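Take a look at the letters that make up each chain.
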Protein chains: 2
Amino acid sequence: MNKRLLLAGLAFALGAGMTQAAFAQVKPEILVKQRQAAMTLQGKYAGPLGAMAQGKAPYNADTVAFNTAMLDALSRMPWDGFAESTKDVTVKTAALPAIWSEPAKFKEAQDNFQKAVQALVAVSRGGDEAAQKTAIGAVGKTCGGCHQNFREKQQ
Amino acid sequence: MNKRLLLAGLAFALGAGMTQAAFAQVKPEILVKQRQAAMTLQGKYAGPLGAMAQGKAPYNADTVAFNTAMLDALSRMPWDGFAESTKDVTVKTAALPAIWSEPAKFKEAQDNFQKAVQALVAVSRGGDEAAQKTAIGAVGKTCGGCHQNFREKQQ
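Throughout, residues of each chain are indexed from 1 in the direction in which the sequence is written. Numbering of ligands from 1 and lettering of chains from A proceed in the order in which they are written. For this predicted model, a pLDDT threshold of at least 70 governs which residues receive local features, and a threshold of 80 or more governs which side-chain atom pairs are given and counted, while totals over whole chains, interfaces and linings are taken from all residues. Excluded from the side-chain calculations are hydrogens and water; all other atoms, namely the structure's heavy atoms, are used.

A word on the packing of helix 3 (residues 61–74) of chain A against helix 5 (residues 103–123) of chain A
Residue and element names in this part refer to chain A. Going by this rule: Each axis is a line fitted through C-alpha atoms, taken for helices only over the stretch in contact, and angles between the N-to-C directions span 0 to 180 degrees. Helix and strand definitions here come from DSSP, where helices need a minimum of 4 consecutive H or I residues and strands a minimum of 2 consecutive E residues; each element is numbered from the N-terminal end. Angles below 35 degrees are treated as roughly parallel, those above 145 as roughly antiparallel, those between 65 and 115 as roughly perpendicular, and all remaining angles as oblique. Whether a crossing is left-handed or right-handed is set by the direction in which the near helix is turned from the far one by less than a right angle, anticlockwise for left-handed and clockwise for right-handed. Residue contacts are counted whenever heavy atoms from the two residues lie within 4.5 Å of one another. Ten residue types, Ala, Val, Leu, Ile, Met, Phe, Trp, Tyr, Cys and Pro, are classed as nonpolar, four, Asp, Glu, Lys and Arg, as charged, and the remainder, Gly among them, as polar.
It is at 9 Å that the axes of helix 3 and helix 5 come closest, and there the two elements cross at 150°. Overall, the two elements helix 3 and helix 5 adopt an arrangement that is roughly antiparallel. In this structure, helix 3 crosses over helix 5, and the sense of that crossing is left-handed. The residues of helix 5 that touch helix 3, namely those facing T68, L71 and D72, are V117, Q118, L120 and V121. Taken together, the residues of the contact of helix 3 with helix 5 sort by class into 4 nonpolar, 2 polar and 1 charged.

Focus on helix 2 (residues 28–53) of chain B
Residue and element names in this part refer to chain B. Here is the rule: A helix is expected to span 1.5 Å for every residue after the first. Values of bend correspond, residue by residue, to the angle between axes fitted over the seven residues ending at that residue and the seven starting there.
Counted at 1.5 Å a residue, the expected span for helix 2 with its 26 residues is 38 Å, and the 36 Å between its end C-alpha atoms agrees. Taking the largest bend as the criterion, helix 2 deviates by roughly 35°, centred on A46, and proline P48 comes between one and four positions later. Remark: G55 follows helix 2 within two positions and exhibits a positive phi of approximately 75°.

Overview of the confidence of the model for chain A
Residues and elements named next belong to chain A. Heads up, the rule is: Note on scores: pLDDT gives the predictor's confidence for each residue, bounded by 0 and 100.
Confidence in the prediction for chain A averages 87 pLDDT; 85% of positions are at 70 or higher. Below pLDDT 50 for its whole length, residues 1–9 participates in 19 contacts with residues either more than four positions away or in separate chains. Confidence drops under a pLDDT of 50 for residues 11–23, and excluding neighbours within four residues, the segment shows 23 contacts in the predicted structure. Listed scores for the predicted complex are pTM 0.87 and ipTM 0.87.

Considerations on the packing of helix 5 of chain A against helix 6 (residues 129–150) of chain A
All names here are of chain A. At a closest axis distance of 9 Å, the pairing of helix 5 and helix 6 adopts a crossing angle of 165°. Taken together, the axes of helix 5 and helix 6 are roughly antiparallel relative to one another. Remark: the crossing between helix 5 and helix 6 carries left-handed chirality. Contact with helix 5, carried on its side by K105, F106, A109, N112, F113, A116, V117, A119, L120 and V123, involves A131, Q132, A135, I136, A138, V139, T142, C143, C146, N149 and F150 of helix 6 and no other residues of that element. Split by residue class, the contact of helix 5 with helix 6 holds 16 nonpolar, 4 polar and 1 charged.

Below, the structure written as structure tokens:
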């Protein structure tokens, strides 16, 4: 029962571009901190998957299943943090102005990532190692797709 | 199909005390950053729920469902970040030594939180506003239960 309800929660949220009025009141600095936190955790759970897909770490089906479930949630978290109010925030951020000058392109990059994560979710419990590794690689590409145009080059 | 698989992923992880060998290699400073990120995001999604439960924000069933789904995942994320290797880390952290000197008590506080989140998950899609608010209050108490003993008092 628990599980079906959770499931419903996620299904309902996906793609609907969930907006939460409460967040409109959140200080820009907090929004930046929250979106950066989501990216940090995406890295935590995507990193080990990337290592497996590239053969740098041994394949572990349980890690694929768990980390993918975490990414399913995390892939929904950063986007409302890129509110217009954060455009000129003084805290350190690698977010580029293109986020706000090219919103449609930014949204497309988000969607590509979320779709790739959902494709990974679909194979994450099936035990098909090759399919999982392919799906992981596709997720990785969509991370880069967004970082390429919307994040300052990292040192 | 997607959904059933995601679900399976979460069910499998719950309570099993998922340990991920890959993380053993992660630098202590990164572990601290990741666990703090999880706490930041718990705040992001729990905050609006707490405001509703306390009557400080209007009730919104969609927000309850979505934020609870996010908390379901987030409630599993911080704990492996409190690795022994982070005990003497030099980066700023409010984590108290009791985390490592009273591990059973710390684990119990985590479990109480995770159980309270699961209880909220169970009612989060049922449309029973009163039950949801009660469950939200119970989650809030378990946040405090951990912070009371294991986090430096906040200014």
